[in-house]
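Notes for the structure review
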Amino acid sequence: MRRLHARKRVDSKPKPTTDPPKMDPIKFQSRPSSRSTALFSRNPRQSRPTPYVFAISIVTSLALLGFSYIFLFSSAESTKFGIIIDGGSTGTRIHVFRYRVDRSKTLVFDFKQVSDSLKVNPGLSAYGEQPEAVSDSLGELLEFGRKKVPKEQWGETEIRLMATAGLRLLDVELQDKILEECRKVLRVSGFKFHDEWASVITGSDEGVYAWIVANYALGTLGGNPLDTTGIIELGGASAQVTFVSSEFMPSKFSRSIKFGNFTYNLYSHSFLHFGLDVAHESLRETLIKRDFSPAADSLHKEMYIDPCTPKGYLPRSSNLSLGFVAEKSKYSSELQARGNFSECRSAALRLLHKGKEKCSNYHCYLGSVFMPKLQGNFLATENFFYTSKFFRLRQRAFLSDLMMAGQHFCGEDWSKLKKKHQSLDEEELLRYCFSSAYIVALLHDSLGIALDDERISFANQVENIPLDWALGAFILQSTAKLDGQETDWITTIFSGESPTLFSMVAISAILMFVAWSISKWRKPQLKTVYDLEKGRYIVSRIGRS
Ligand SMILES: Nc1ncnc2c1ncn2[C@@H]1O[C@H](COP(=O)(O)OP(=O)(O)OP(=O)(O)O)[C@@H](O)[C@H]1O
């Protein structure tokens, strides 16, 4: 187009007549040419380099575009890291997640590195009297994290600390003191951290995160809510129940989560004090207080029968690893171990139903807390899983299998059990009579799951994905961040995390402009004169001044 137009301009110059005007032959009419295009047709030899330069510029631009495209996409798919520190009741655990975001904006995790988590004991709640000492335990975890993440990625790797039941049990002032000490350490960790990223999360959040990771692992997240699987976690200090329910729920128990095209209406509640370790400790305390000692008919009036500890166990002062239990365990000489599964189950049931009389307006399965009827399949994790593993049960074992195994264990002599399970430490072995009875009391006697029901699976991972709420929290945060980027195109372009068509076009335009400027700069400055003697135009190069 431009060339045609240009030619027209040149051609429109006054044509020399056959009788040139009588003029001094050495006087030229000079016309500096700023429109180089006008000269291409006049002097092909001089005009040739410019199209070459232009072509080379385009090819170079395209090559650069290609390289930047590959670079941006490869950086988007390169391995990234995220860190969550789980401040649990029994200990503090760091999780280093390695992942990449694929082109469809899906998080793809790499779980081959099983050593990407580390736990230190005791839990944060143990530092109530000396909050500054928290830095030692966090320091060890951070050292681990720094080894797992390449140094050049520390600054972009987000680190969050989420504390659970252990800290929830402390008063708010003490929680704040401990959290502030944690923040001091995290601020100088080298990782990306904001103060609000260290917090005590609610039990309901914990349950929702666990539900997310379970359904992510099962491939049901983003699908029909009715196909999702509920989750029941039995932690050390609390137990969480989370599942999709179509029943009406008071807002306090109802959570709504959106993934893909679906919104999931979840019931989620954390039953504080119902975790295995705290429940076990409460049981011992209650036995001593004679709240419901099955030894009422005991001949030893000064002794209290403990039906949840196998006979032959010698009572001694033991120090549980739970941080919030400051004093020594109440397992004292006042208790007499006399393992009996049925009695232990009854004692556990009384704990689980404590306060049930306050539950008037709705149905309560556990304590005095509302819960809709269980719906769908469930994964039972943490202590449910560890107990089933200890008794070598199948993943889809019936509760009746656990009942039989528990009856046998509780009734066994302690010395025989110790001999059989030499690799376990005594404190751990001691919990399995109680845990088997507590689980049957919780799932069957309280939640109404039949002894031969197949809806429950005991698990702590699905395929190679650990069912850890911390991973669920990470998935939720990362997904929300990715969704945010979809609308925030400025962030998208400059973060390089998600190259879009727009960023490609923008880069392309910049490269083309640079190429065009270079070609223009290199273009010769020409002048055209009319040679009166020769009777034609002559084009010649003039130097840059
Ligand atoms: N390998 C294991 N074998 C047996 N029990 C275990 C094992 N690992 C953890 N547990 C028990 O599972 C429970 C939950 O463990 P986890 O490490 O998640 O505790 P936590 O996060 O401190 O507890 P909470 O969720 O109540 O704060 C605890 O009671 C702990 O003793």
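Look a little higher up for the structure.
Cut-off values and rules
Residues numbered from 1 in each chain as written. Predicted model: local features only at pLDDT ≥ 70, side-chain atom pairs only at ≥ 80, totals over all residues. Heavy atoms only, no water. Helix = DSSP H or I, 4+ residues; strand = E, 2+ residues; numbered from the N terminus. Contact = heavy atoms within 4.5 Å. Disulfide = S-S within 2.5 Å. Buried < 20%, exposed > 50% of the residue type's maximum accessible area, 1.4 Å probe, protein only. Salt bridge = Lys/Arg side-chain N within 4 Å of Asp/Glu carboxyl O. Near = heavy atom within 4 Å. Polar contact = N/O pair within 3.5 Å; in protein donor to acceptor, adjacent residues only side chain to side chain. Areas by Shrake-Rupley, 256 points an atom, 1.4 Å probe, with all protein chains shown as cover. Nonpolar A, V, L, I, M, F, W, Y, C, P; charged D, E, K, R; others polar. Expected span 1.5 Å × (residues − 1). Axes fitted to C-alpha atoms, helices over the stretch in contact; angles between N-to-C directions. Parallel < 35°, antiparallel > 145°, perpendicular 65-115°, else oblique. Left-handed = near helix turned anticlockwise from the far one by under 90°. Pairing = 2+ DSSP bridges. Core = buried A, V, L, I, M, F, W, Y, C linked by side-chain atoms within 4.5 Å. Patch = residues over 30% accessible without salt bridge, like charges linked within 9 Å, V, L, I, M, F, W, Y side chains within 5 Å. Phe/Tyr/Trp six-rings, centres within 6.5 Å; stacked < 30°, edge-to-face > 60°. Lys NZ or Arg CZ within 6 Å of the ring centre and 35° of its normal.

On to the overall build of the protein, then. Tallying secondary structure elements over the protein gives 18 helices and 21 strands in all. For the protein, restricting intrachain contacts to residue pairs at least 6 apart in sequence, the fraction spanning at least 24 positions comes to 72%.

Right, let's talk about the state of the cysteines for a bit. Enumeration according to the criterion identifies three disulfides in this entry. A sulfur-sulfur distance of 2.1 Å marks the disulfide that ties C308 to C344. Handedness of the C308-C344 disulfide follows from its S-S torsion of about 110 degrees: it is right-handed. Residue C308 is found in the loop between β12 (304–306) and β13 (335–337), and its partner C344 is found in helix α10 (residues 341–352); the two are separated by 36 residues along the sequence. Across the pair, C344 and C308 agree in class, each one buried. Shown here is the disulfide that connects C410 with C433, its sulfur atoms set 2.0 Å apart. An S-S torsion of about 110 degrees defines the bridge between C410 and C433 as right-handed.

A word on the pattern of salt bridges. Any two side chains of opposite charge can pair, given that their charged atoms come close. Under the counting rule described, the total for this entry stands at 16 salt bridges. Across the pair E180 and R187 runs a salt bridge, and its minimum N-O distance is 2.9 Å. Salt bridges linked by common partners bring E180, R183, R187 and D195 together as one network.

On to the site of the ligand, then. S89, T90, K119, A237 and D277 are the nearest of the 19 residues found near the ligand. Within the side chain of N383, an N or O atom sits 2.9 Å from an oxygen atom of the ligand. The fraction of the free accessible surface of the ligand (620 Å²) that becomes covered by protein chains is 81%. Those elements that provide at least two residues to the shell around the ligand are α11 (383–390) and α15 (431–446). Tallied by class, residues from the shell around the ligand come to three nonpolar, nine polar and seven charged.

On to helix α9 (residues 276–288), then. Across its 13 residues, α9 extends 19 Å between first and last C-alpha, which sits within 8% of the 18 Å expected from 1.5 Å per residue. Taken across its 13 residues, α9 has eleven buried, putting it largely inside the fold. Buried within α9 are the following residues: L276, D277, V278, A279, H280, E281, L283, R284, T286, L287 and I288.

This paragraph deals with the environment of L447. You can see L447 is positioned in the loop between α15 and β17 (456–458). Along the sequence, L447 and C364 sit 83 residues apart, while their C-alpha atoms lie 9.1 Å from each other. Apart from residues lying up to four places away in sequence, L447 is in contact with I232, Y365, L366, M371, L374 and L442.

Within the element layout of this structure, S238 appears in strand β9 (residues 238–244). Once residues lying within four places of it in the same chain are set aside, the contact partners of S238 are A165, R168, E206, E233, S270, F271, L272, H273, F274 and G275.

Bringing the environment of S78 into the picture now. Mapped onto the secondary structure, S78 falls in the loop between α4 (49–76) and β2 (80–87). The exposure class of S78 is partly exposed, given its relative accessible area of 29%. A C-alpha to C-alpha distance of 25 Å links S78 and L218, two positions 140 residues apart in sequence. Setting aside its immediate chain neighbours within four residues, S78 contacts Y99 and R100.

Right, let's talk about the packing of α11 against α15 for a bit. Here α11 crosses α15 at 120 degrees, and the two axes come no closer than 10 Å. Looking at the two axes, α11 sits oblique to α15. In this structure, α11 crosses over α15, and the sense of that crossing is left-handed. Contacts between α11 and α15 involve N383, F384, Y386, T387 and F390 from the first element and R431, Y432, S435, S436, I439, L442 and L443 from the second. Here the contact of α11 with α15 is built from residues that sort into seven nonpolar, four polar and one charged.

This part covers the sheet that holds strand β16 (residues 378–382). Taken in spatial order, the six strands of this open sheet run β10-β11-β9-β8-β16-β17, and their pairing is mixed. The strands lining the two open edges of the sheet, one partner per strand, are β10 (254–259) and β17. Adjacent strand axes in the sheet meet at a mean angle of 20 degrees when their direction is disregarded. Along the sheet, α11 makes contact with β8 (230–234), β16 and β17, crossing β16 at roughly 80 degrees.

All right, on to the side chain of E206 then. Position of E206 relative to the elements: it lies in helix α8 (residues 203–218). Sequence-distant contacts of E206, defined by excluding residues within four places in its chain, comprise T164, A165, R168, I201, E233, S238, Q240 and W469.

Let's shift gears to the nonpolar core. Residues Y267, M371, Y438, L443 and L447 are the most contacted members of the largest nonpolar core, which totals 63 residues. For this core, the leading source of residues is α15, giving ten residues. Ignoring anything within four residues of it in the chain, the contact list for Y267 reads V241, T242, F243, M249, F253, V369, F370, M371 and P372. In terms of nonpolar packing, the next biggest core, distinct from the first, is built from 36 residues, Y99, L107, A210 and W469 among them.

A contiguous nonpolar surface patch, about 420 Å² in accessible area, is contributed by I510, F513, V514 and W516. Within the element layout of this structure, V514 appears in helix α18 (residues 501–522).

To continue, consider the packing of aromatic side chains. In total, this model carries 24 aromatic pairs according to the counting rule given. Seen from their ring centres, Y99 and F109 are 6.0 Å apart, and the 45 degrees between their planes marks the pair as tilted. You can see Y99 sitting in strand β3 (residues 92–101) and its partner F109 sitting in strand β4 (residues 107–109), a full ten residues away along the chain. The exposure class of Y99 is buried, given its relative accessible area of 11%. Where F434 meets Y438, the ring centres are 5.1 Å apart and the plane angle is 25 degrees; that geometry is what we call stacked. Taken as a pair, F434 and Y438 lie in helix α15 at a separation of four residues, close to a single helical turn. The same class applies to F434 as to Y438, namely buried. Taken together, the aromatic side chains of F97, Y99, F109, Y216 and F474 make up a single cluster linked through ring pairs. Above the plane of the ring of W197 lies R160, whose end atom (NZ or CZ) is 4.0 Å from the centre. The positively charged end of R394 is found above the aromatic ring belonging to F398, 6.0 Å away from the centroid.

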